[in-house]
Structure formats: structure tokens, C-alpha cells
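# Descriptive structure summary
Take a look at the letters that make up each chain.
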Amino acid sequence: MDGKVEVQFSLQAGRRTIDASARVPTGRVPLVQIIPVIHGIASALAQAGIEDVQEEGKTVSCRAGCGACCRQAVPVTEAEAQYLAALVESLPAAHQEEVRERFREAIGRVEAAGFGHKMRNLGDYGEDERFRICLDYFHLGVACPFLEDESCSIHPYRPAICREYSVTSPAALCANCNPDEIERVPIYARPTRALAGMLSEAEPADAFMLPHMNLIYALEWAEGHLPEEPRSTGPELLRRFLERLSNSVGANEPQAPAPRK
Ligand code: SF4
């Protein structure tokens, strides 16, 4: 007995139905506890899109060693910030310090460029202004602190938004942040948006906001915020996530890559 229960569910991904199951804690837990399950769902949805473009004869350009998109602003949810902080905490001391130093450097570069306040408070701005701020961030060329040798050093544990983004267009277009020419692989639901609404009391239809925290602030944020008081069991959290996911945009909405990854 590991205090978990298996929950079976189906995901609709375009014309595919994905039958899935996940083991989640039986008791009340904070949202961070089911992040691995949510990340698995994000990967399954992404894979459905990849198989669809492959059936059309296209090739996905994303591969290890290409960090072209990893200099964009990376929106992460609060629960993912806690998850990433725990992940960093679990690294061997020397590696952990390297990663922490990259986080500090990234924050320092944004501060030095004079828009740290804006980046920390993206939620205070409307969508157009957020886009401009994130474009400024992109033009700074700050690599994600988890990027090592142009590869994701936490690939199995990367945030949902990173799983949602893959392309069939050349990597150079991602590197130049050219939204008009980038050809995205379809993602048939938006796990990051669904997750962002999870701690909200709003009805699912009102809860599709993108999280306003950029990944570079995840460790700092998590240091000052303990996981929320658990009020829901693992199956309840998963059910609420799936409910939000099912309404979280049905197709490959056009995206400007800088703020939305
Ligand atoms: S977490 Fe990994 S995939 Fe996501 S932006 Fe950072 S290095 Fe890239």
C-alpha cells in the first residue's frame, strides 16, 4: 500500500482518444503532489500532436541540443514553482549551486536591463503589454537556468509549457522569435492554462489564464510560499484538472512565442 489509488480517464486530442490512468494520493494533498501526473498528461497530449504532424509527412524539428526556444519567457504555475524548487533542492550540492547561480544571474540580467519590476509583476499588465515585456525579455537572450549545453537538464521534469511547445519549422525561426513563420505542432488542450486555474475558485470557463510567473523567479517564489493547505484528495485534484483541461482551448491557437512559449 503506497497511499495511492489508480484513476482511469480519457483525453480527447484532436481525432484521437487517449485512454489513460494515473496513480494519485488517496488523501488530501497540495497540488504540487500531483504535478508529475499533470506533466504526464501534458506529454501525452503533445505526443498526439506530434503523431498527427508525422502522419502528414512532417518532421518535428525539436531535439536534444537545440535550446532555441529556451530563451523565451517560460510561464510556470505556482505548484510547478514549488515542484522545481524541490527538484533543485534534490540535486547534488555542487550541481545545485551551479543551477542556483544561473537563476541568480538570470534575475540579475533582467534587473540590470531595468524591467525586473515588470517581469515580476506581469499580472498587473494587459495582454499586449505583457507581450511587449516578454519580447524585451527574449531579446535579452537570457537562457533558462536549466539549459546546459543547449539541452534541457531537467527534461523528464520540465514544466508543462515546455511540453506544449514543439515545431516543424526550422529552429532558426524559434531562435529569432518569428511568430509569423513558426509552424507549431498542434496541442489539443492547454495543461498550463488548466493548471493555472486550479487554485482559483472561478468556474473552469473563467479560469483560463496563463500563469504570470516566469520560470527564472520560481525558486525565489517557492522560498517564500509553502504549498497551500491541502483541501482536496488526489482524485479530486485530478478530476478538477481534467475538467479545466477539457475546456482549455481545442486546437492549435495561433501563438506569439515570446510570452506564451
Ligand atoms: S525547463 Fe528545459 S525545456 Fe523548459 S525552457 Fe528550461 S531548458 Fe528549455
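Predicted model only: the values in this text are computed from it and were never measured. (Residues numbered from 1 in each chain as written. Predicted model: local features only at pLDDT ≥ 70, side-chain atom pairs only at ≥ 80, totals over all residues. Heavy atoms only, no water.)

For the rest of this paragraph, the subject is the packing of helix α1 (residues 35-55) against helix α2 (residues 78-89). Axis separation between α1 and α2 bottoms out at 11 Å; the angle between their running directions is 110°. One way to sum up the angle between α1 and α2 is to call them roughly perpendicular. Seen from α1, the contacting residues are Ile-35, Pro-36 and His-39; seen from α2, they are Ala-79, Glu-80 and Tyr-83. Residues belonging to the contact of α1 with α2 are distributed by class as follows: four nonpolar, one polar and one charged. (Axes fitted to C-alpha atoms, helices over the stretch in contact; angles between N-to-C directions. Helix = DSSP H or I, 4+ residues; strand = E, 2+ residues; numbered from the N terminus. Parallel < 35°, antiparallel > 145°, perpendicular 65-115°, else oblique. Contact = heavy atoms within 4.5 Å. Nonpolar A, V, L, I, M, F, W, Y, C, P; charged D, E, K, R; others polar.)

Let us now look at the layout of surface pockets. Summary: where empty space remains is shown by rolling a probe the size of a single water molecule over the atoms. Put simply, the largest pocket is a space of about 650 Å³. It is α1 that provides the largest number of residues to the lining of the largest pocket, a total of four residues. Looking at the lining of the largest pocket residue by residue, the class counts come to 22 nonpolar, eight polar and five charged. (1 Å grid on protein atoms, 1.4 Å probe; cavity = no way out; pocket = protein on both sides within 12 Å on 5 of 7 lines; lining within 4 Å. Points joined across faces, edges and corners; volume = space filled by probe spheres on them.)

So, on to the nonpolar core. Counting residues in hydrophobic clusters, the biggest one holds 42 residues, and the most contacted among them are Leu-84, Met-119, Tyr-137, Phe-146 and Leu-215. Put simply, the parts of the chain that give this core at least two residues each are α2, α3 (93-112), α5 (127-140), α6 (160-164), α7 (171-175) and α9 (218-224). Counting residues in each nonpolar core, the second largest holds 31 residues, with Val-29, Ile-35, Ala-79 and Met-198 among its members. (Core = buried A, V, L, I, M, F, W, Y, C linked by side-chain atoms within 4.5 Å. Buried < 20%, exposed > 50% of the residue type's maximum accessible area, 1.4 Å probe, protein only.)

A word on the confidence of the model for the chain. Scored by pLDDT, the chain has a mean of 88; 90% of the residues are at 70 or more. Highest mean pLDDT in the chain belongs to α3 (98); lowest belongs to helix α11 (residues 257-260) (36). Within the model, the stretch residues 204-208 combines pLDDT values under 50 with 11 contacts to residues more than four positions away or in other chains. (pLDDT = per-residue confidence, 0-100.)

It is worth spelling out the side chain of Glu-164 at this point. Considering the arrangement of structural elements, one finds Glu-164 in helix α6. Glu-164 sits in the buried class, given a relative accessible area of 1%. Of note is the side chain of Glu-164, whose polar atom sits 2.7 Å from the side chain of Arg-190. When near neighbours in sequence (up to four residues on either side) are disregarded, Glu-164 contacts Arg-184, Ile-187, Arg-190, Pro-191 and Thr-192. (Polar contact = N/O pair within 3.5 Å; in protein donor to acceptor, adjacent residues only side chain to side chain.)

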